[in-house]
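# Structural features, examined
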Amino acid sequence: MSRKQVASMGHFILLADEIDQAEPTLVHEMTHALLSHLELPLWIEEDIATAMEHTVGQDSVDPSYVLNRRSDMQHRHGRYWNEQTKIGFWDGSAFSNGAASELAYDMAHLIVSELRRDFPRFATFAKAVSVHDGGAEAARSVYGLPLDAFVDSYLEVWR
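None of the values given here were measured: they were computed from a predicted structure.

Parameters at a glance
- Residues numbered from 1 in each chain as written.
- Predicted model: local features only at pLDDT ≥ 70, side-chain atom pairs only at ≥ 80, totals over all residues.
- Heavy atoms only, no water.
- Helix = DSSP H or I, 4+ residues; strand = E, 2+ residues; numbered from the N terminus.
- Buried < 20%, exposed > 50% of the residue type's maximum accessible area, 1.4 Å probe, protein only.
- Contact = heavy atoms within 4.5 Å.
- Areas by Shrake-Rupley, 256 points an atom, 1.4 Å probe, with all protein chains shown as cover.
- Salt bridge = Lys/Arg side-chain N within 4 Å of Asp/Glu carboxyl O.
- Axes fitted to C-alpha atoms, helices over the stretch in contact; angles between N-to-C directions.
- Parallel < 35°, antiparallel > 145°, perpendicular 65-115°, else oblique.
- Nonpolar A, V, L, I, M, F, W, Y, C, P; charged D, E, K, R; others polar.
- Polar contact = N/O pair within 3.5 Å; in protein donor to acceptor, adjacent residues only side chain to side chain.
- Arc of directions from axis to C-beta.
- Core = buried A, V, L, I, M, F, W, Y, C linked by side-chain atoms within 4.5 Å.
- pLDDT = per-residue confidence, 0-100.

Per the secondary structure count, the chain includes nine helices and zero strands. Listing the helices and strands of the chain from first to last along the sequence gives α-α-α-α-α-α-α-α-α. Buried residues in the chain amount to 36% of all 159 residues. Long-range contacts, defined as pairs at least 24 residues apart, comprise 58% of the intrachain contacts of the chain with a sequence gap of at least 6. As displayed, the chain has an accessible area near 9600 Å², and 57% of this comes from carbon and sulfur atoms.

Laid out in structure tokens, this is it:
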């Protein structure tokens, strides 16, 4: 079953022991449903859905925790991503791959946040992007860069 078929079915599963997360989870999944007609690559769609989720009722976090967590994530990113694992990011398979999942969501957030800084250009990119190539052609056309350049710019600093 494709993502599009699942989204159109309108069913969400919430675990009883995670009921406190019902609202952000519903916002996240409803965002997927609303975006399904656009056929965005998963790395873009997940960042948008996660950003919407975080606009709803997320508790504030101690800034020192965020700084320590960011440092830990940078080390993990530096160790994990290589030519082979990046394929899983661009084709979306890393988002459902246990250990890689957290890194994939974080990398998507970093990349999309950076791209959104120039929102008109990002909007052009988002309109041109194709799920079929993970956004490769749109990246070359709009940004003049291969997709891997976005990940590699972070990895150069973290390694």
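What follows picks up the thread again.
For the structure shown, the criterion picks out eight salt bridges. Among the salt bridges present, the one from Lys86 reaches Asp152, with a minimum N-O distance of 2.6 Å. Highlighted residues: Lys86 in helix H5 (residues 83-91) and Asp152 in helix H9 (residues 148-158), separated in sequence by 66 residues.

This part covers the environment of Glu83. Relative to the elements of secondary structure, Glu83 occurs in helix H5. Residue Glu83 is classed as exposed on the basis of its relative accessible area, which comes to 52%. Sequence spacing of Glu83 and Asp152 is 69 residues, and the spatial spacing of their C-alpha atoms is 10.0 Å.

A few words now on the packing of helix H6 (residues 98-116) against helix H7 (residues 119-128). Orientation of H6 relative to H7, taken along the N-to-C sense of each, is 120°, at an axis distance of 7 Å. If you check the angle between H6 and H7, you find them oblique. Contact residues: Val112, Leu115 and Arg116 in H6; Phe119, Phe122 and Phe125 in H7. Counted by class, the contact of H6 with H7 contains five nonpolar, no polar and one charged residues.

Positionally, Thr85 belongs in helix H5. Judged by relative accessible area, Thr85 falls into the buried class, the value being 17%.

For the α-helix, the turn length of 3.6 residues means that residues three or four positions removed from each other point alike. Listed in full, the buried residues belonging to H5 are Thr85, Lys86, Gly88, Phe89 and Trp90. The N-capping residue of H5, defined by a side-chain oxygen 2.8 Å from the backbone nitrogen of Gln84, is Asn82.

Quick look at H9 now. When we look at burial in H9, the residues that qualify are Phe150, Val151, Tyr154, Leu155 and Trp158. One side of H9 carries all its buried residues, which in axial view fall inside an arc of 125°. In H9, those exposed residues whose orientation departs by more than 90 degrees from the buried face are Glu156 and Val157.

On to the nonpolar core, then. Among the nonpolar cores identified, the biggest contains 34 residues, and Trp43, Trp81, Phe89, Met107, Ile111, Leu115 and Phe125 are the most heavily contacted of them. Considering each element in turn, this core owes the most residues, nine residues, to H6. Beyond its immediate stretch of four places on either side in the chain, Trp43 contacts Phe89, Trp90, Phe95, Ala108, Ile111, Val112, Leu115, Phe125, Gly134 and Leu147.

Once that is clear, we can look at unusual backbone geometry. In this structure, Glu39 is a non-glycine residue whose phi angle is positive, near 55°. Inspection of the secondary structure puts Glu39 in the loop between helix H2 (22-35) and helix H3 (42-54).

Here the focus is the confidence of the model for the chain. When pLDDT is averaged across the chain, the result is 83; 82% of the residues are at 70 or more. Put simply, helix H1 (residues 3-9) is where the chain has its lowest mean pLDDT, 45, and helix H8 (residues 136-143) is where it has its highest, 95. In this model residues 1-8 is a low-confidence stretch, pLDDT under 50, and it forms twelve contacts with partners more than four residues away in sequence or in other chains.

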